[in-house]
Amino acid sequence: MDVIANRLENLTQGRERRALIRFANNVWLEFSSRLHGENGVVLIFEDVTARIRQEDRILQMARFDTLTNLPNRSWFAELVENKINELRADQKVAFAVFDLDDFKHVNDTMGHVAGDKLLEAVAGRLKQISGDDFIVSRFGGDEFVVFFSNIDGDDVLRSQMDRIARSLGGHYQINGSRIFVSLSGGVAACRAGDALLEDMQIRADLALYDAKRRDKNRWTLFVESMDDKYSARQKLKSELREAILREPMGVAYQPMFLPDGTRIAGAEALSRWNHPEMGPISPAVYIPLAEEMGIVTDLTRCMVNRAVADCVTWPEGQFVSVNLSAHDLASNEIINEVNAALL
């Protein structure tokens, strides 16, 4: 009440001409004063509670993720920038990214509503453990990020990452079903004076990729060698795309005998990639790459066309088989590809 009385006195004494004052029950009144010389002052007030609440809602929508109520990407970036400006240049900071292992399976089997509830529950646990020493956000999908502003050595960072992974992982009760969640994470650390959010995010993403490549349910600290591995992998992916589209992929045929072993009944077509610089690349390397890139169907088409063309030249009655990816079986397009090759 003293604050309100002081504001009103400022208005009546001419020290303020306009004042926005909050009363009990979140009621907001906006006062304006008009001095009339020796005749006193006229105070005019308006109830602006609805306007203030609307402005608060707009600000909330602009700054926070609507599903989890965590800071969104842009507000998170602003909070991080402000925090970095408060720190000494030699203080150590870190940026971490977490995502839920196999989250797509939850959406596919239980529906997107259940998936959203799971994200809300994960965000709730993240809020419970957040503090003044780190800022959290949801960047979209099942990706959660954390900025650590008080990292005094690698042991502290490891302890914080382990704590988050333990807190967010485990069982959740969603729509009457018990769901087990594991997470993969990546983290990058640097001096506050060298901290650029975009660069830290790229490095943390590389560390996350390394963690997921090593069987998930773990977190990894970024090291410089990951950058080289990533560049080499991206180069290999680009060259694989060109190799498949130009259809110079090699093929090896594994003979398949009759049950009694008396003669060859056909052959299994096996794809081979002889890289012009690196030599033979194992199918265990490039086939998962093709699946990751979404071009494994193009590889299958290449193999089917080549196998059918070669089989035509074989002795009558012999067959050829071609291995298919699970991605090929997800639609009926493979039927059209085989029909086209046989015409």
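The structure under discussion appears in the preceding block.
Since the model is a prediction, treat every value here as computed from it, not as a measurement. (Residues numbered from 1 in each chain as written. Predicted model: local features only at pLDDT ≥ 70, side-chain atom pairs only at ≥ 80, totals over all residues. Heavy atoms only, no water.)

**Quick look at the sheet that holds strand β6 (residues 143-148)**
And then number 1: If you trace the five strands from one edge of the open sheet to the other, you get β5-β6-β4-β9-β10, paired in mixed fashion. At either margin of the open sheet sits one strand with a lone partner, and together these are β5 (134-140) and β10 (219-221). The mean angle between the axes of side-by-side strands here comes to 20°, regardless of whether they run parallel or antiparallel.
And then number 2: With six bridges connecting them, strand β4 (residues 92-100) and β6 associate as antiparallel partners. Bridged to D99 within β6 is E143. (Pairing = 2+ DSSP bridges. Helix = DSSP H or I, 4+ residues; strand = E, 2+ residues; numbered from the N terminus. Axes fitted to C-alpha atoms, helices over the stretch in contact; angles between N-to-C directions.)

**A look at the environment of D154**
And then number 1: Summarising the element assignment, D154 is placed in helix α6 (residues 154-168).
And then number 2: Overall, D154 belongs to the partly exposed group, its relative accessible area being 34%.
And then number 3: Sequence separation between D154 and K92 is 62 residues, and the spatial gap between their C-alpha atoms is 9.5 Å.
And then number 4: Reaching out from D154, the side chain makes a polar contact with the side chain of K92 at a distance of 2.4 Å. (Buried < 20%, exposed > 50% of the residue type's maximum accessible area, 1.4 Å probe, protein only. Polar contact = N/O pair within 3.5 Å; in protein donor to acceptor, adjacent residues only side chain to side chain.)

**Observations concerning the pattern of salt bridges**
Opposite charge on two side chains permits them to pair, given that their charged atoms come into close proximity.
And then number 1: One pass over the structure, following the stated rule, counts 19 salt bridges.
And then number 2: Note that D194 is salt-bridged to R191, the shortest N-O span being 2.9 Å.
And then number 3: According to the relative accessible area criterion, D194 is partly exposed, its value standing at 48%.
And then number 4: R301 serves as the salt-bridge partner of E337, at 3.0 Å between the closest nitrogen and oxygen. Within this pair, whereas E337 is found in helix α11 (residues 333-342), its partner R301 is found in helix α10 (residues 296-311), the two being separated by 36 residues in sequence.
And then number 5: In this structure R301 comes out as partly exposed when scored by relative accessible area, which is 27%.
And then number 6: Within the structure, one salt-bridge network assembled from shared partners comprises D99, D101 and K212. (Salt bridge = Lys/Arg side-chain N within 4 Å of Asp/Glu carboxyl O.)

**Quick word on α6**
And then number 1: Here α6 is 15 residues long and its end C-alpha atoms lie 21 Å apart, about the 21 Å a rise of 1.5 Å per residue gives.
And then number 2: Among the residues making up α6, those that are buried are L157, Q160, M161, I164 and L168. Angularly, the buried residues of α6 cover 95° about the axis, an arc narrow enough to put them on a single face. Opposite its buried face, α6 presents the exposed residues D155 and R166, each directed more than 90 degrees away.
And then number 3: Positive phi shows up at G170, right after α6, with a value of about 115°. (Expected span 1.5 Å × (residues − 1). Arc of directions from axis to C-beta.)

Remember that the coordinates give geometry; whether it matters functionally is a separate question.
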